[in-house]
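Each chain, letter by letter, is given below.
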Amino acid sequence: MRKSRRDVLAMGAAMMAAHLSPAIAQSSGLSAAKKAAKPLSILILGGTGFTGPHQVRYALERGHKVTLFNRGRRPKEWPASVEELTGDRETNDYASLKGRKFDVCIDNPTSVPHWVRDAAAVLQGNVGHYIFISTISVYAGNDKPGADETAAREKYAGADVMTETNATLRKNMRLYGPLKAACEDEAYRQFGRDNTTIIRPALIVGPGDETDRFTYWPARFAKGGDVLVPPSADPVQFIDARDIAEWTVRMAETRTAGDFNATGPATTLTMGAMLDAVEEGVRVGNSGSTKPPLKRREVSAEFLEKNKVSMWMDMPVWVPGAGETIGMHRRSNKKAMAAGITYRPVDVTAADTLKWWDGQTAERRAAPRAGIKPEREAELLKLLG
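Reading the values: rules and limits
Residues numbered from 1 in each chain as written. Predicted model: local features only at pLDDT ≥ 70, side-chain atom pairs only at ≥ 80, totals over all residues. Heavy atoms only, no water. Buried < 20%, exposed > 50% of the residue type's maximum accessible area, 1.4 Å probe, protein only. Helix = DSSP H or I, 4+ residues; strand = E, 2+ residues; numbered from the N terminus. Pairing = 2+ DSSP bridges. Axes fitted to C-alpha atoms, helices over the stretch in contact; angles between N-to-C directions. Contact = heavy atoms within 4.5 Å. Core = buried A, V, L, I, M, F, W, Y, C linked by side-chain atoms within 4.5 Å. Parallel < 35°, antiparallel > 145°, perpendicular 65-115°, else oblique. Left-handed = near helix turned anticlockwise from the far one by under 90°. Nonpolar A, V, L, I, M, F, W, Y, C, P; charged D, E, K, R; others polar.

## A short note on helix H3 (residues 113-123)
Quick reminder: α-helices carry 3.6 residues per turn. Residues three or four places apart thus point the same way. Of all eleven residues making up H3, nine are buried, and the element is well covered by its neighbours. Within H3, the full set of buried residues consists of Pro113, His114, Trp115, Val116, Asp118, Ala119, Ala120, Val122 and Leu123. Two residues or fewer after H3 comes Gly125, characterised by a positive phi angle close to 90 degrees.

## Points about the sheet that holds strand E4 (residues 102-107)
The strand order across the open sheet formed by seven strands is E3-E2-E1-E4-E5-E6-E10, and the pairing between neighbours is parallel. The sheet is open, and its two edges are formed by strand E3 (83-86) and strand E10 (258-262), each paired on a single side. In this sheet, neighbouring strand axes are inclined to one another by 20 degrees on average, regardless of whether the strands run parallel or antiparallel. Together, strand E1 (41-45), strand E2 (65-70) and E4 form the strand contacts of helix H2 (residues 52-61), whose direction differs from that of E2 by roughly 160 degrees. Of the strands in this sheet, strand E5 (127-133), strand E6 (196-201) and E10 are in contact with helix H5 (residues 176-191), which crosses E6 at around 165 degrees.

## Here we look at the nonpolar core
In this structure, Phe214, Trp217, Phe238 and Met274 are the most contacted members of the largest nonpolar core, which totals 37 residues. Listing elements by their share of this core, those giving two or more residues are helix H6 (216-223), strand E8 (225-229), helix H8 (271-285), helix H9 (301-306), strand E12 (311-312), helix H11 (346-358) and helix H13 (374-384). Tallying contributions element by element places H8 first for this core, with six residues. In contact with Phe214, other than residues within four places in its own chain, are Val205, Phe238, Met274, Val278, Val317, Val346, Thr349, Ala350 and Thr353. Ala33, Leu40, Tyr58 and Val249 belong to the second-largest nonpolar core, a separate cluster that totals 30 residues.

## Focus: the packing of H2 against helix H7 (residues 241-254)
It is at 8 Å that the axes of H2 and H7 come closest, and there the two elements cross at 50 degrees. With respect to H7, the element H2 is oriented oblique. In the packing of H2 onto H7, the handedness of the crossing is right-handed. Between H2 and H7, the contacting residues are His54, Gln55, Tyr58 and Ala59 on the first element and Ala241, Arg242, Ala245, Glu246, Thr248, Val249 and Arg250 on the second. Classifying every residue of the contact of H2 with H7 by side-chain character gives five nonpolar, three polar and three charged.

## What to know about unusual backbone geometry
Following Gly264, the chain continues to Pro265 via a peptide bond in cis, the omega torsion being 0 degrees. Counting through the fold element by element, Pro265 comes out in the loop between E10 and H8. In this model, Lys308 sits at a positive phi of 55 degrees, which is unusual for a non-glycine residue. On the secondary structure map, Lys308 appears in the loop between H9 and E12. A positive phi is found at Trp312, a non-glycine position, where the angle reads about 75 degrees. In this structure, Trp312 sits in strand E12. With a relative accessible area of 6%, Trp312 lands in the buried category.

Here it is, written out as structure tokens:
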């Protein structure tokens, strides 16, 4: 059976949930962060996945005290002292947090509402500000360009949302958006709207991303030759993991409440402009390379559909800029920008991502988790003559 567009996007969510990496990548090309006006005691639930290490490093640079709570995943090193507490949210083991007080809690990994409820049973009254990392997948539709944080969200259709676990979510990734929306509701219920921040990122990219979606493009461009690319005029939105991590810490510093679409960049970006920037980032990273010259072979959405080349997975990042996905990469980020979100240049993200990718094992690089297979790309390029 042919997969629907919603199925393809759900598969992307599944990859995001299944391939969280403990890899830590340094911020590239940026000066050290300035110290915050007031040091905070920050509790990070998780902290060793994709965005968490960037939060930790930036918070330490800003002069904050950082405590991590997770199942004992340890990175190789931190640049300063970090308190690390062990517990297990799957089994409701929060013993190490009992009686502890923090200025702010950043909740990175939660995808099921009972995790919010159970954490609140320990943290309520002991945390002044709760920041929940959600997703733009909470929105019920992608058919309205410019939709903001007030757009309709997904609704859970089951009998009792608190019975859902990560195991049941993995069995049905269509629940990802509805459960994240229910997590948001539970966060407001437990901590109050004045004390809660909901951050809804778009596709998170950059060094350390184990889903290989954005990574596909700099990795593929680095090989050179003819490259099959989707329509250049379609819009794209995403955010570097370091940008969302650092902005999250700054939101903690200002104690800014509310819900925010963490999409980027600051101005409209087309697929073609993104690939131009990726090409520049690869050119810098591949200085002196003898690989064949790069030639982008653009095809239409109709060509891709006719030849069963899927958006998002075979052509990573891209979705058609018309029809039911016309608004997916045109979601408003005005509220986040007013709250101080900032963005690295795309070529910097591409160069840093390629450097990270080149540092992976040969086995890992031989089996990317997104992007059209080389042999299939070759077949389609032959059709173009």
